Amino acid sequence: MVLSDGDVTLRPIKLRDQKAWREVNRRNRDWLRPWEATVPPPAPWGPVVQRPTYRQMVRHLRAEANAGRMLPFVIEYQGRLVGQLTVAGITWGSMCAGHIGYWVDREVAGRGVMPTAVALAVDHCFGKVGLHRIEVCIRPENIPSRRVVEKLGLREEGLRPRYLHIDGAWRDHLVYAVTVEEVPEGLLRRWHRARRSSSPPPSPSSPSSPSSPK
């Protein structure tokens, strides 16, 4: 599935994206590190978990997608790979929900790329996929990433203490959410309307949590 709006495109991540993905990730290393998911020290009785290689990551994402638990995308802007967005933790049954994590190249931050990408993903989840609720979890300190979901009008639901292991420690996260009933016209239309009604100065968009492994 390829989702597009103007210069922004979401498409499935591929093994052949490795060179472009690594180049963007390398250039943004210092900027992404404070918001990136890390692996906590193993418990004495638990397995030792290591960060996967790019190929291992893509194969895992594909397997999860085939099982209906994940939607892994790369973000393109004007035909160039500039980031990644993943709908993960997809749960069916009485919940029908998932959560979104993302990161984007600092060079294109502030151009509306990330809000557009999130809106495209949410509309796809609510429309074609049939989910009812989407969450985005963000560290309270990550003001640029919070602006992304606030521009889209997602609801802030509260704080999850020590929710995810980020940048070497267990970090608190704010939960933002939207349900299908809140955007009957679609989140992308809401974003377009908000963008037309106000033109705030551009601000960089940091990744939400969790972001993708190196």
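Before reading on, note that the structure itself is shown above.
Cut-offs used in this document
Residues numbered from 1 in each chain as written. Predicted model: local features only at pLDDT ≥ 70, side-chain atom pairs only at ≥ 80, totals over all residues. Heavy atoms only, no water. Helix = DSSP H or I, 4+ residues; strand = E, 2+ residues; numbered from the N terminus. Contact = heavy atoms within 4.5 Å. Axes fitted to C-alpha atoms, helices over the stretch in contact; angles between N-to-C directions. Parallel < 35°, antiparallel > 145°, perpendicular 65-115°, else oblique. Left-handed = near helix turned anticlockwise from the far one by under 90°. Nonpolar A, V, L, I, M, F, W, Y, C, P; charged D, E, K, R; others polar. Pairing = 2+ DSSP bridges. Buried < 20%, exposed > 50% of the residue type's maximum accessible area, 1.4 Å probe, protein only. Salt bridge = Lys/Arg side-chain N within 4 Å of Asp/Glu carboxyl O. Phe/Tyr/Trp six-rings, centres within 6.5 Å; stacked < 30°, edge-to-face > 60°.

Trainee: I would appreciate a short explanation of the side chain of Thr-116 in the present structure.
Mentor: Position of Thr-116 among the secondary structure elements: in helix α4 (residues 113–129). The residues contacting Thr-116, other than those within four sequence positions of it, are Asp-5, Val-8, Leu-188, Trp-191 and Arg-195.

Trainee: So what exactly am I meant to see when it comes to the packing of helix α1 (residues 18–27) against helix α3 (residues 54–66) here?
Mentor: A packed helix pair is summarised by two numbers, namely the angle formed by the two axes and the spacing between the axes. At a minimum axis distance of 11 Å, the contact between α1 and α3 shows a crossing angle of 110 degrees. Taken together, α1 and α3 sit at an angle that is classed as roughly perpendicular. With respect to the hand of their crossing, α1 and α3 are arranged in right-handed fashion. Contact residues: Gln-18, Trp-21 and Arg-22 in α1; Tyr-54, Arg-55 and Met-57 in α3. Broken down by class, the residue content of the contact of α1 with α3 amounts to 3 nonpolar, 1 polar and 2 charged.

Trainee: Where do I start with the sheet that holds strand β1 (residues 3–5) in this structure?
Mentor: To summarise the sheet geometry, strands pair through backbone hydrogen bonds and adopt either a parallel or an antiparallel arrangement. Read from one edge of the open sheet, 8 strands run β1-β2-β3-β4-β5-β6-β8-β7, paired in mixed fashion. The two strands at the open ends of the sheet, each matched to only one other strand, are β1 and β7 (155–166). The mean angle between the axes of side-by-side strands here comes to 25 degrees, regardless of whether they run parallel or antiparallel.

Trainee: Please explain the pairing of strand β5 (residues 97–104) as it appears in this structure.
Mentor: Among the 8 residues that make up β5, 7 are buried, leaving the element largely enclosed by the rest of the structure. Of the strand pairs in this sheet, strand β4 (residues 80–91) and β5 are connected by 7 bridges, and their pairing is antiparallel. Looking at the pairing, Gln-84 lines up with Trp-103 of β5. Counting the residues that bridge the hairpin from β4 to β5 gives 5 residues, and of these Gly-93 lies at a positive phi of roughly 70 degrees. Across 3 bridges, the pairing between β5 and strand β6 (residues 133–138) is parallel. Each residue of the ladder has a partner; that of His-99, found in β6, is Glu-135.

Trainee: Which parts of the structure should I look at to understand the pattern of salt bridges?
Mentor: If the charged atoms of two oppositely charged side chains come close together, the side chains can form a pair. Overall, the coordinates contain 20 salt bridges when judged by the stated rule. One salt bridge connects Glu-76 with Arg-11, and the closest N-O pair in it is separated by 2.7 Å. Taken as a pair, Glu-76 in strand β3 (residues 71–77) and Arg-11 in strand β2 (residues 8–12) lie far apart in primary sequence, 65 residues in all. The residue Glu-135 makes a salt bridge to Arg-133 at a minimum N-O spacing of 2.8 Å. One continuous salt-bridge network, built from bridges that share partners, spans Glu-23, Arg-26, Arg-27, Arg-80, Asp-105 and Glu-107.

Trainee: Looking at this model, I keep getting lost on the packing of aromatic side chains. Mind explaining?
Mentor: Within a pair of aromatic rings, the relevant descriptors are the distance that separates the centres and the angle that separates the planes. Under the defined criterion, the tally for this structure stands at 2 aromatic pairs. Measuring from ring centre to ring centre gives 5.2 Å for Trp-21 and Tyr-54, while their planes differ by 55 degrees; the resulting arrangement is tilted. Taken together, the residues span a long stretch of sequence, with Trp-21 in helix α1 and Tyr-54 in helix α3 at a distance of 33 residues. Tyr-54 carries the same exposure label as Trp-21, and that label is buried. Geometrically, the ring pair formed by Trp-21 and Trp-103 is edge-to-face, given 6.0 Å between the ring centres and 80 degrees between the ring planes. Here the residue Trp-21 occupies a position in helix α1, and Trp-103 occupies one in strand β5, the gap between them amounting to 82 residues. Taking relative accessible area as the criterion, Trp-103 reaches 1% and is therefore assigned buried.

So far we have only geometry, and geometry alone does not tell us how the molecule works.
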